[in-house]
Amino acid sequence: MKYQSTRGEAPILEFGDVLLAGLAEDGGLYVPLELPEIGSADLRAFADLPYTEVATRVLTPFVAPSIDEDSLGRMVEEAYGSFRHPDVVPIKDLPAGGEIDHHIVELHWGPTFSFKDVALQLLGRLFEYELERRATSITIVGATSGDTGSAAIEACRDREGVELVMLHPRGRVSEVQRRQMTTVASANIHNVSIDGTFDDCQDLVKAMFAHSAFRQQYRLAAVNSINWARIAAQTVYYFTTGTQLGGGERKTSFCVPTGNFGNVLAGYIAGRMGLPVDRLIIASNHNDMLTRTYLSGLMEIRQVIPSTSPAMDIQVSSNFERLLFDLSDRDSTWLRTAMQDFRGNGELPLRESLIAGLRNVFDAGRASESDVEETIADLHSATGQFVDPHTAVAVSVARRLEPGKSPIAIMSTAHPAKFGAVVEDATGVAPVQPEEIKDLFGRAERCADLPNELSAIMEFVSSVAIA
Ligand SMILES: *Cc1c(COP(=O)(O)O)cnc(C)c1O
């Protein structure tokens, strides 16, 4: 398989190169030239196969020819062996045994209790494999609104040939999220808190990648969902969920708490590969840029307002570019100027055909902070179940939709204990904290506080990178 940039001016690459490159040289995002197809016989078989088997079958074509199937299979087994649930990604009815066809897909059984582990546990191993094969090293630079950071750190700590610098917006991640990052004592892990928002952090990372001399000198690599390997790894649970709920024939809808658009994009890709998908529902909190775009056809940047679901406090969702690329029939010439205009003006009107394409597959809704609180409280009193605020955004949006013909799989992206304070405020009851989270509070933290300035971050990166 070969990969091209959405902006059409970067070299065509194989998986191993794309894995290490992250963002393309022209500022675009890598996507496969052609998607593999999963046939109906495979889909029917998937419903009964273990998660790791489906993962290996779905991902093999994406990683070929860089990585062979046996090596991939070994990495998949190791990555998902670190999960605390035997099904890796279990599905529960909502409400338990209830009459409405809503299901909760628990993506949070990995080492750091968020769905980010699903992709990153595999990514850390893919990096190590590829670096050993090439006898080289990289400096991973990432931005996190909370969960990517800890999941990336957990996946990359002490890995050979990897230094990791993780930027987070100071004071805008939860205490558990911060401690999950800053208490890791490994020498190859470097935390930085930035005086700014998540979008500022993401812009700093993008600007650093756009600086090609710097990027080459320190062999910068990305773990954000601009890295295609993450999107590919996330398609797997759409296949396992869709085939378990629909037997590989009946369509499933997915309701996804959305920030950077990586999770829901993976659902779109799974659909393009042959999974019967009905609706993909983009669920936003009050930072609802995507929902507004869906309704009005105008992409428009506004201020980020902090919420109780910080992983979704985003106005510019990087992966939306991959969708626009596909919806525009891969028109990289248009996309290149459109994305520059968008950056310059803070807005981009989408043409009719794109809006129609978007509405054809997606649906969108927003949940306010009080919707989130009510949903958490209501679910708890009705079923005894706790959900975290991100998941509650999706449950709230799904419940307000016109009922459709297909089951709705609601993606639960974080363990409730990770956002225990919000859950306790809503329900009056604190969710039980797993030992791994309790332990964090007694440990020393390590983090550099830096201003929102590219030069300061670049200096820091050069001081820790492997020369
Ligand atoms: C990252 C994250 C999201 C948003 O996912 P995207 O792929 O960025 O849209 C939602 N919920 C939680 C808990 C997350 O960590």
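Heads up: the structure comes first, above all this text.
Residues numbered from 1 in each chain as written. Predicted model: local features only at pLDDT ≥ 70, side-chain atom pairs only at ≥ 80, totals over all residues. Heavy atoms only, no water.

**Student:** Let's hear about the site of the ligand: which residues, and what values?
**Tutor:** In the region of the ligand, 15 residues are neighbours, and K116, D147, G259, N260 and T413 sit closest. Between the ligand and D147, the relevant distance is 2.5 Å, taken from an oxygen atom to a side-chain nitrogen or oxygen of the residue. A distance of 2.8 Å is found between an oxygen atom of the ligand and a backbone nitrogen or oxygen belonging to G259. Contact with the protein chains hides 98% of the accessible area of the ligand, taken as 380 Å² for the molecule alone. Along the lines of polarity and charge, the residues of the shell around the ligand split into six nonpolar, seven polar and two charged. (Near = heavy atom within 4 Å. Polar contact = N/O pair within 3.5 Å; in protein donor to acceptor, adjacent residues only side chain to side chain. Areas by Shrake-Rupley, 256 points an atom, 1.4 Å probe, with all protein chains shown as cover. Nonpolar A, V, L, I, M, F, W, Y, C, P; charged D, E, K, R; others polar.)

**Student:** Give a description of the sheet that holds strand β5 (residues 138-143) that names residues and reports values.
**Tutor:** Judged by pairing direction, the sheet is parallel, and its five strands sit side by side in the order β8-β5-β6-β7-β15 without closing on themselves. Whereas interior strands pair on both sides, the edge strands pair on one side only; in this sheet they are β8 (220-221) and β15 (448-450). As paired strands, β5 and strand β6 (residues 162-169) are joined by six bridges and run parallel to one another. By the bridge assignment for β6, A143 is matched with L167. (Pairing = 2+ DSSP bridges. Helix = DSSP H or I, 4+ residues; strand = E, 2+ residues; numbered from the N terminus.)

**Student:** Requested: an account of the side chain of T252, with residues and values cited.
**Tutor:** Structurally, the position occupied by T252 is in strand β9 (residues 252-257). On the accessibility criterion, T252 (0% relative accessible area) is buried. Once you skip the residues sitting within four places of it in the chain, T252 turns out to touch G242, L245, G246, P276, V277, D278, R279, S406, P407 and A409. (Buried < 20%, exposed > 50% of the residue type's maximum accessible area, 1.4 Å probe, protein only. Contact = heavy atoms within 4.5 Å.)

**Student:** Residues and numbers for the pattern of salt bridges, please.
**Tutor:** Under the counting rule described, the total for this entry stands at 28 salt bridges. With a shortest N-O distance of 3.3 Å, R343 and D203 are connected by a salt bridge. Placement of the pair is R343 in helix α14 (residues 332-345) and D203 in helix α8 (residues 198-210), with a sequence separation of 140 residues. The class of R343 is partly exposed, set by a relative accessible area of 42%. Ionic pairing is found between E300 and R302, a salt bridge with its closest N-O pair at 3.6 Å. (Salt bridge = Lys/Arg side-chain N within 4 Å of Asp/Glu carboxyl O.)

**Student:** How would you explain the packing of aromatic side chains if you had to name every residue and give the values?
**Tutor:** If you walk through the whole model with that rule in mind, you get twelve aromatic pairs. Summarising the aromatic geometry, the rings of Y238 and F254 are spaced 4.8 Å apart at their centres and angled 65° between planes, so their arrangement reads as edge-to-face. One end of the pair, Y238, is in helix α10 (residues 228-246); the other, F254, is in strand β9, with 16 residues separating them in the sequence. With respect to burial, Y238 and F254 carry one shared label: buried. A connected cluster of aromatic rings, assembled from ring pairs, spans Y3, F15, F62 and W228. The ring of W334 has R351 sitting right over it, with the charged end atom 4.9 Å from the ring centre. Sitting over the face of the ring of Y294, R359 holds its NZ or CZ atom 5.9 Å from the ring centroid. (Phe/Tyr/Trp six-rings, centres within 6.5 Å; stacked < 30°, edge-to-face > 60°. Lys NZ or Arg CZ within 6 Å of the ring centre and 35° of its normal.)

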